[in-house]
Number of protein chains: 4
Amino acid sequence: MPAEAAIPTATDLRTPVTPQGRALLDLLDGHLEEIRAGAEENDRAAAFPFDTFESFRKDGVLAATVPAELGGLGVSRLYDVAVALRAVAAADASTALALHVQFSRGLTLAYEWRHGTDRAGVLAERLLRLMAAGEAAVCGGVKDHFSTATTLTPDGSGGWRLSGRKMLVSMAPIATHFVVHAQLRDGEPEQDGRQPLVSVPVLSRDTPGLSVLDSWDGLGMRASGTFDVAFDDCPVATEDLLLAGAEDTRDDAVLAGQTVSSIGMLGIYAGVAQAARDIAVGRIARRSADPSGATSTLVAETEARLYALQATAGAALANADLVSADLDVDPGARGRRMMVPFQCAKMTVNQLALDIVNDCLTLVGGAAYSAADPLSRLYRDVRAGWFMQPYTYPDGVDFLSGQALGLDRNNDYVSGRIGRPSDGG
Amino acid sequence: MPAEAAIPTATDLRTPVTPQGRALLDLLDGHLEEIRAGAEENDRAAAFPFDTFESFRKDGVLAATVPAELGGLGVSRLYDVAVALRAVAAADASTALALHVQFSRGLTLAYEWRHGTDRAGVLAERLLRLMAAGEAAVCGGVKDHFSTATTLTPDGSGGWRLSGRKMLVSMAPIATHFVVHAQLRDGEPEQDGRQPLVSVPVLSRDTPGLSVLDSWDGLGMRASGTFDVAFDDCPVATEDLLLAGAEDTRDDAVLAGQTVSSIGMLGIYAGVAQAARDIAVGRIARRSADPSGATSTLVAETEARLYALQATAGAALANADLVSADLDVDPGARGRRMMVPFQCAKMTVNQLALDIVNDCLTLVGGAAYSAADPLSRLYRDVRAGWFMQPYTYPDGVDFLSGQALGLDRNNDYVSGRIGRPSDGG
Amino acid sequence: MPAEAAIPTATDLRTPVTPQGRALLDLLDGHLEEIRAGAEENDRAAAFPFDTFESFRKDGVLAATVPAELGGLGVSRLYDVAVALRAVAAADASTALALHVQFSRGLTLAYEWRHGTDRAGVLAERLLRLMAAGEAAVCGGVKDHFSTATTLTPDGSGGWRLSGRKMLVSMAPIATHFVVHAQLRDGEPEQDGRQPLVSVPVLSRDTPGLSVLDSWDGLGMRASGTFDVAFDDCPVATEDLLLAGAEDTRDDAVLAGQTVSSIGMLGIYAGVAQAARDIAVGRIARRSADPSGATSTLVAETEARLYALQATAGAALANADLVSADLDVDPGARGRRMMVPFQCAKMTVNQLALDIVNDCLTLVGGAAYSAADPLSRLYRDVRAGWFMQPYTYPDGVDFLSGQALGLDRNNDYVSGRIGRPSDGG
Amino acid sequence: MPAEAAIPTATDLRTPVTPQGRALLDLLDGHLEEIRAGAEENDRAAAFPFDTFESFRKDGVLAATVPAELGGLGVSRLYDVAVALRAVAAADASTALALHVQFSRGLTLAYEWRHGTDRAGVLAERLLRLMAAGEAAVCGGVKDHFSTATTLTPDGSGGWRLSGRKMLVSMAPIATHFVVHAQLRDGEPEQDGRQPLVSVPVLSRDTPGLSVLDSWDGLGMRASGTFDVAFDDCPVATEDLLLAGAEDTRDDAVLAGQTVSSIGMLGIYAGVAQAARDIAVGRIARRSADPSGATSTLVAETEARLYALQATAGAALANADLVSADLDVDPGARGRRMMVPFQCAKMTVNQLALDIVNDCLTLVGGAAYSAADPLSRLYRDVRAGWFMQPYTYPDGVDFLSGQALGLDRNNDYVSGRIGRPSDGG
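Residues numbered from 1 in each chain as written. Chains lettered and ligands numbered in written order. Predicted model: local features only at pLDDT ≥ 70, side-chain atom pairs only at ≥ 80, totals over all residues. Heavy atoms only, no water.

Describing the interface of chain A and chain B
Quoted interface sizes are often the accessible area lost when the parts come together. Contact with chain A, which involves 46 residues of that partner, is made by 47 residues of chain B. At the surface where chain A touches chain B, the tally comes to zero salt bridges. At the junction of chain A with chain B, the criterion picks out four residue pairs in polar contact (both at pLDDT 80 or more). The set of elements that each furnish at least two residues to the side of chain A that touches chain B consists of helix 8 (265-287), helix 9 (293-324), helix 10 (331-364) and helix 12 (393-405) of chain A. If you tally residues by element for the side of chain A that touches chain B, the top one is helix 9 of chain A, at 17 residues. Of the residues in the side of chain A that touches chain B, the class split is 31 nonpolar, 10 polar and five charged. (Contact = heavy atoms within 4.5 Å. Salt bridge = Lys/Arg side-chain N within 4 Å of Asp/Glu carboxyl O. Polar contact = N/O pair within 3.5 Å; in protein donor to acceptor, adjacent residues only side chain to side chain. Helix = DSSP H or I, 4+ residues; strand = E, 2+ residues; numbered from the N terminus. Nonpolar A, V, L, I, M, F, W, Y, C, P; charged D, E, K, R; others polar.)

Some thoughts on the relation of the copies chain A and chain B
In screw terms, the move from chain A to chain B is a rotation of 180° and a rise of 0.0 Å along the axis, fitting with an RMSD of 0.0 Å. This pairing of chains is accounted for by a two-fold axis. Both copies share a contact surface, since 100% of the interface residues of chain A are interface residues in chain B too. (Least-squares fit on C-alpha atoms with pLDDT ≥ 70 in both.)

Section: the pattern of salt bridges
Taken as a whole and assessed by the stated rule, the structure comprises 76 salt bridges over all chains. Asp217 of chain B is the partner of Arg44 of chain D in a salt bridge, and the nearest nitrogen-oxygen pair spans 2.9 Å. Linking Arg44 of chain D in helix 2 (residues 32-45) with Asp217 of chain B in the loop between strand 7 (210-213) and strand 8 (227-236), this pair reaches from one chain into another. In this structure, Glu54 of chain C and Arg57 of chain C form a salt bridge, with 2.8 Å as the shortest nitrogen-oxygen distance. Note that Glu54 of chain C and Arg57 of chain C are positioned in helix 3 (residues 50-59) at a spacing of three residues, about one turn of the helix. Classification of Arg57 of chain C as partly exposed rests on a relative accessible area of 33%. Overlapping salt bridges bring together Glu40 and Arg44 of chain A together with Asp217 and Arg222 of chain C as one network. (Buried < 20%, exposed > 50% of the residue type's maximum accessible area, 1.4 Å probe, protein only.)

Description of the side chain of Thr95 of chain B
Residues and elements named next belong to chain B. Position of Thr95 among the secondary structure elements: in helix 5 (residues 93-115). Under the relative-accessibility criterion, Thr95 is labelled buried at 2%. Excluding anything up to four places from it in sequence, Thr95 contacts Ile35, Pro49, Thr52, Phe53, Phe56 and Val88.

Section: helix 9 (residues 293-324) of chain D
Taking 1.5 Å per residue as the helical rise, helix 9 of chain D with its 32 residues ought to reach 46 Å, and the 46 Å between its terminal C-alpha atoms agrees with that figure. Most of helix 9 of chain D is tucked away, with 28 of its 32 residues classed as buried. (Expected span 1.5 Å × (residues − 1).)

Some details on the confidence of the model for chain A
The predicted structure's coordinates, where accompanied by low pLDDT, should not be read in detail. Residues and elements named next belong to chain A. When pLDDT is averaged across chain A, the result is 91; 91% of the residues are at 70 or more. Low pLDDT (under 50) marks residues 1-9, which in the prediction has 31 contacts with non-local residues, meaning those over four places away or in another chain. Confidence drops under a pLDDT of 50 for residues 416-425, and excluding neighbours within four residues, the segment shows 28 contacts in the predicted structure. Both scores are available for the predicted complex, with the pTM at 0.95 and the ipTM at 0.94. (pLDDT = per-residue confidence, 0-100.)

What about the packing of aromatic side chains?
A full pass over the atoms with the stated rule returns 30 aromatic pairs over all chains. Ring centres 4.3 Å apart and planes at 10° place the aromatic pair Tyr379 of chain A and Tyr379 of chain C in the stacked group. Residue Tyr379 of chain A is found in helix 11 (residues 374-381), and its partner Tyr379 of chain C is found in helix 11 (residues 374-381); the two belong to separate chains. Given the relative accessible area of 2%, Tyr379 of chain C is considered buried. A network of ring pairs unites the aromatic residues Phe48, Phe50, Phe53 and Phe56 of chain A as a single cluster. The residue whose ring lies beneath Arg383 of chain A is Trp386 of chain A, and the NZ or CZ to ring-centre distance is 4.7 Å. (Phe/Tyr/Trp six-rings, centres within 6.5 Å; stacked < 30°, edge-to-face > 60°. Lys NZ or Arg CZ within 6 Å of the ring centre and 35° of its normal.)

Right under this line is the structure:
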C-alpha cells in the first residue's frame, strides 16, 4: 500500500485551520463517495449533479460561508474553503467548481454585510439569510458574451433595466439569484474617453426577461453547470443594486475582492492533481516491486510537484486570509498584496497540476487513454484552470511583470472586461 | 523602482518566527554590505572570507544555534536558520554555505546535549560552550574521498585510531574541530554480509596526523572553504566519540538528524534566486517603460517561480520544525515525515533556482556573461544545490519513489556512503 | 494573413521526395476538405469515417504503398508516407491513424514479397494484389488483451487453430484481413525457461470464430475505429502463416520491421501540431496588431518547436529510408540504426506536439475549452502519441539508455509483449 | 563501450556534404587532440590558443572558406562549416568560436567578390587572396560598446575617419583586419527622423588610432580572444569601404547575409552538447551495469535531445545553403526564408544544449562541479549561445512572432544596433 505524500504542516491543504473549516470538511466527508461514483456518468452526459447539491442544501453545505450570526456555518477563511474544495475536487472537479460559486458568494456578501454601504448591507443580509435557510444558490456573472456588453439603464421611473448576456456562469442549473456586473449608462451621450460606470445588480431567477441557457459543452468540467445567462430588458429595483455607478478609477482596491472571489479555486486543482497522483501511484504500486527507471523518475517528480503545488497554493491562501483581515492599510496596497501572491500561485498551480496529470497518464500507460478511465477526465478537467478568472496566462504575465517593474497599468479584470465585448477567450 | 516580490506570510523565508531568529537576522544585517562587497574578489581567488567570520565570531553569530542556557543566541528553529542563510546568500552564497556548517552543528549538538547518551551529552556540552565563547568552529565530515574509507580502529589500550580522508568539508579554513563519520572496525575478521558499525569521533584541529588540505577549486561556491581533511592514524579518546558502534539497522530514525543537518541549506538557494531576480528586475526597470514580450514573460515567470520556491522551502522547513519537536512518535516515521517533504522541497528548489538564475541571465543579456557580473557568479553558485547532501538527484528519485510506492530500501545516506568509497560524485 | 512557418527543405515533412509520394499527396488533397468537415461529428460520436475510406478505396489511396508491379501506387519511402499522413492528420488525426494501418501494411508486405520466405512471398503477393484492387483493408494485431495470450496451436490435421484477443486494432471497422502476432504452442509440454515461438497468421474477416468488437471509447482518436478483435478457435491454414515458429533470439533484426511499421505515425503528430498552430496563429493574427507579451512569446516558442518537431521527425524518417534500403549490413545493427533515431524522434515529437497544442490553447483562451472547438479535439488526440507502439515512454527510456550505455537487453517489443498478458497499458 | 548516438543521415552534423567539407574535416582531425589538451589551461588563463591558430594558418584551415579560384580550400556550404566547427567545439568551444570568425568572413567576402559592387569585389578579392596565403585573419565588428556609436565621417579631402568602439570581436588577438559596421555621417545636420546611413569600412590592424583592448573576462568562451576594438579618428580610404552609405530601408534582404555570418555557430553548440554527452555517458557506462532510475531517464532524455538538436540545426543549415544559392527570388523573401528557420533552430539549439549539459552534470554528480572537470567548462561555455548575434532571445521572440503574425517590424539587427548605443546586453 503506497504511502500518502506526507505533508503534515499547516500548508498541506488538508487540515483546516479553524473549527468551522473542520466542521465543513466533516460534513463533506459523507458525500464524497457518492460524488466520486457519479463523476464519470455526469461528465459524459454533461449533467449537473442535482442530487448532490440537494444533499448539500439539506446538510448546510451551501451555507458554509454564511456568517454564523446569520445562520450559516461561519467558515470565513479562504484557506479552509480551499481545503474543502480540494476534497470535493479529488472526487469530482465539476462538483467542486459549482460549489465554489456558492462558497465564494457567501464570502463576498459577508464582506458587504460587514463593510459595505447601507443598501449593500441590507441586500447582502437578505441573500445570506436565504442561503442559510437553504433557499438561495447565488451565481455570479462577470464575463460578457462576445456578442454584447451587458448594460444597466434607468427605466425612467426610478428603477432600472438590464440587458445583455453573461458567459461561464457555473452552478447555473440550480441558481436562485444572479449577481451581475454591468455597465451603467445614464442616458447621457457618451463623452469621449469616459469610462462606463460599474454597477452590480442582483436578479432573482424568475425575473421577467431572464433566461438560463443550457449552453455548456466543455472539454472538461462538464458537470459544473456552466451556462450562459441572458437578460432581455429585465427590471431591477434600486434596492437590488449591490453597487451602483462606481467610476473606474483604476483602483487596485478591487483586487482584494477579486482575490477573495477566485483564490479558493486553487484548491480545486490541488484536488485534481492529488486524484491523478493517487490513481497512478496506486496502480504502479500494485503492478511491480521493481519499477522501471522512467517510472521511478516520474513518480518522484510527481511527489515533488504535488508538494510544491500544495505548499504554494497554501501560502497564497494563508496570505490572502492574513491580508484580507487587515483593513487599516491603503486599499490599493491591500489589493496588490493579495493579488500578487495569488497570481504567482495560480501560474504555479496551473503548470504543476497539468504536469502531474500528464505524467500520471504516462505512468499508467494506454489504459489511461480510455474515456472511461478517471485519468482521462482529469486530463480534460485540469486544463480549465488556465482560463479561470481573474487573469488568463497572458493577463497574469502583464499583471506580474507590471508589478515587478513598477509599470502603471489598469489591473482591474472586471472593469477591463465590461468595457469591451470579450474575444471569446 | 520595482516592488519587491511581495510574500507577506509566515512562509516567505524573510520573517523569522522566533525572537531569537529575529535577533540573528538583525545581527547579520550589519555584515551584509561588507559580505556583498567582497564576494566577487573572494570568488575569483577562491579565498575564504576570514575577516567576515572573525566578525561573526565577535558578534556571536557563530554561536547563533547554541542553546541560550549554554551561552548562545538560542536559535532553535530550522526555519529561522534558513531565513538567516537566505539573507547572507543573497549577498554571497559561499559565505552562507560555510556559515551553514556552524549553524547546523549547533542544532545537532544541542539535540545530543538534550536527548543523547550521557557521554554524547557531555561531549556536546563541551563543544557548545566553546562555540558560545567564540572558541570553536565545528565542521562535519561525511563524504569519503574516493580513494579510501575512513575507519576507526581500537588502539589496543582503550582508545582509538582514525585513518582516512573526507571530502567537501566546508568552513574548513577556520575549523577548530571536526565531527567525522567513520566505520568502526573492531579487529575481528569481517563476517560475510555484516555491515560495518557506524561511529562518530570528534577531533580537534591540532590532532596529530590530521591535515586540512587546501584542495578546493570548484565551479562555484569558491569562497566557502570546502576542503578535504585527511586523517593519518589520528588518536581518538573514547570520550570524544559522539557515537560508537551503532549497527546499520536501516533505521529511518537517522533521517531526522540528516534533515536537521541539511535542510537549512534551502535558504541558501532561495537567497541566490532572490539576488538574481533583484539584479535582473532592477536593471530591466531602469532600462525601459515598455519591456519586450519575452522580457515581460520571463519577469512574470521569475516572480511566480521565486514565490513557489520560497513557499515550498518554507513549508518543508516549518514541517521539519514541527515534526522535530515531537519525540513521542515512532522514530522511523518521524524520520520519514521530515525527510520526504525536505526532499520534495529540495528537488523543487534546485530546479526553480536554476531556472530563475538562467532566465535572469537571459533578461540582462550579454553583460551578464562577464566574469565580473554578479549574475555570472550566481550561475555557477546555484548549481551546487544539486550535489548537496543528503541526496543527489538520482538518490532523491530513489528515495521519493520508494516512499510513494512502499518499497523497502535503505534510505540512510550516511551508512550507505561510508560502506563504499565514493564514485567521486 | 500570417505566414506559414517556412521550412523549405527536404526535412519539412511537406514536400514528398519521390514522384509516387507527390502523386499520393495530390490524391489526398482532394479529400482533405471533406475530412476536416466531418472531424468534429465523427469524434463526438466515435464514428468511423466509412465514406472517406470508401473514397480512398476508389481513388487508390488504400493501395498507395502497394508496389507498382502489383498494381499499387508504389509509394515506398517512409518519409513520403509521413508527409501524406501529416496532411491528413492536420484535417483529422483519427482518419490518419486508421489510414496509417493500411499504409504500414503495404510496406511490410512488400518487404515480405521481395525478401521473405517462399510461403510468405506468395501470401504477401496475394494480399497486396487484393489491396491494389481495392478489395483488401489489412489490419494488424499485436497487443494482447490483458485477459489472455493469443495462441496458435496445431489442429492435429496439418492446420492450426487461433484463440485469444487483440486490442487497439485501428481501421478495424472496414478490415478485410488481420495480420496477428501469436504464440505458437506445439502441444509439447513447456520446458522450463523456453520462450514461446512467434508466429504470424493472417485471417480474413469472415473466418469462423473471429469477431470484431466495437469496443473503442477513447479520450481521443475516437474516429479511428480502434477496436478489439477476438479469436475463438479460428481455423488457420499453413499457407496463411506469414511467419511460423521463429524462436525469440533477442535478435535486434526485428527492430527494422518494427520501425517500418510505426515510424510513419510521426507524421500524424506533426499534422496535429501544425493544425493547432495554424488555428491559434490565425486567430491571434486577426485579433490585434499588438499582441501581449505572453502571446508573442508563446507564438515564437510554438514556431520554434514546430520547426524542431518537423526537422527531427524528418531526419529520423530519412534515416529509416536510407538504412532500410541497405540490406548488406548486419541485421541487428541495421535494426538498431533504424530504431534508435526513431525513438529519439518519437520522444521529441511526443513532447513537442503536446507542448505546442497546449500553448495554442493558452493563446486562444477560454474559447478553446469548448468541446466544439477543434483545439479541444487536438488536445485529446495529441496525447495518443505517447501510447503508440513500439515503445511507451518508460520502454523508450529503457531502450535508449540501454543502447547508449551498452547494456544487453531484449529490445523486441513484440516478443516481449506476446509472452505476457498486457498490464492494460 | 557505449555506442555513439547513431544518426547516420545527412542531418547528423557529422558528415560533410561536399568533398571540400570532407577535406576540411580531415585537416582538422589532426589538430583535435592538441586542442582538447590545451582547453582547460587556456580557459583558466583566458589565453588565446596562438599555437593552434598558427597551425591552422600553416595547414590552410584559415583559408577553408576562401574560393578555390583564389587559392583557398573552397568550402562553400554552411552545413560543412558547421560540421567542422562542431568537431572543433567538442574539443574546445573557445577555439571553435574564434575559428568561426574567419570561416564566416571567407563566406561573406566570397559573396561580395561574386555578387557585390565593383569596389566591394576588388576589396573582397584582395582580402581573400591574403587569407588564402595565410596572411590575413579578418575579424568583424558589429556591436557598439555601450559608451559610444561608431561613426564614419568625411575627412574633407576625399577620404574618411572612423571613431568609436566595438565589443565582442572574437579572434582579435591574431586579427590582421577588421570589417566594421559604422554609421555614416555626411556632415549635414541631422534631419528629424532620418536614419543614419550604414557603411562598412575595412581597417588593417596597424591603422593609426586603432587599438585592440585585451578586455575579455567572460563567464565562458574564455580562450576565444573576444576583445573590444577602439577606433580613434582612424583614417580610411574610400577603396576600403565594403559598403558606403546604404540607407536603412528596413530591407529584409540583409537577413540573408546575417544568416550566413552567424548560422555556422549552431555547430559550436552541437559540439558542446556532444562533448558533455560523451563524457557523462562514458563515465556512467564504466560505473555500473545497473544504472539508477533517474540515471536511465536522464541518459535517454539526453540521447533524444542531442538527436533533436542536431536534426534541427542540420535542417536549418541545409535550408540556408539551399535558399542562399537561389538568387532569383525576391531578396526580402530570400532573407526571411533563411532567417526564420535559423532563428527557430537557434532557440531550439540554445535550450537543448543547455538542458543536455545540465543533465550531464547531474549524471556525473559532484565531481563535475570541480573547476578542473571539463563539464564545468562546458556549463559555462554553453551559456554563450544565448547572447550570440544576430538575435538575443527577446529579439528572436519579436522576430519570429512578428513573422508568424504578419506584423511589420524592422528586423535588421545591424542597423537597429548601430543606430543606438548598446544597453550592454
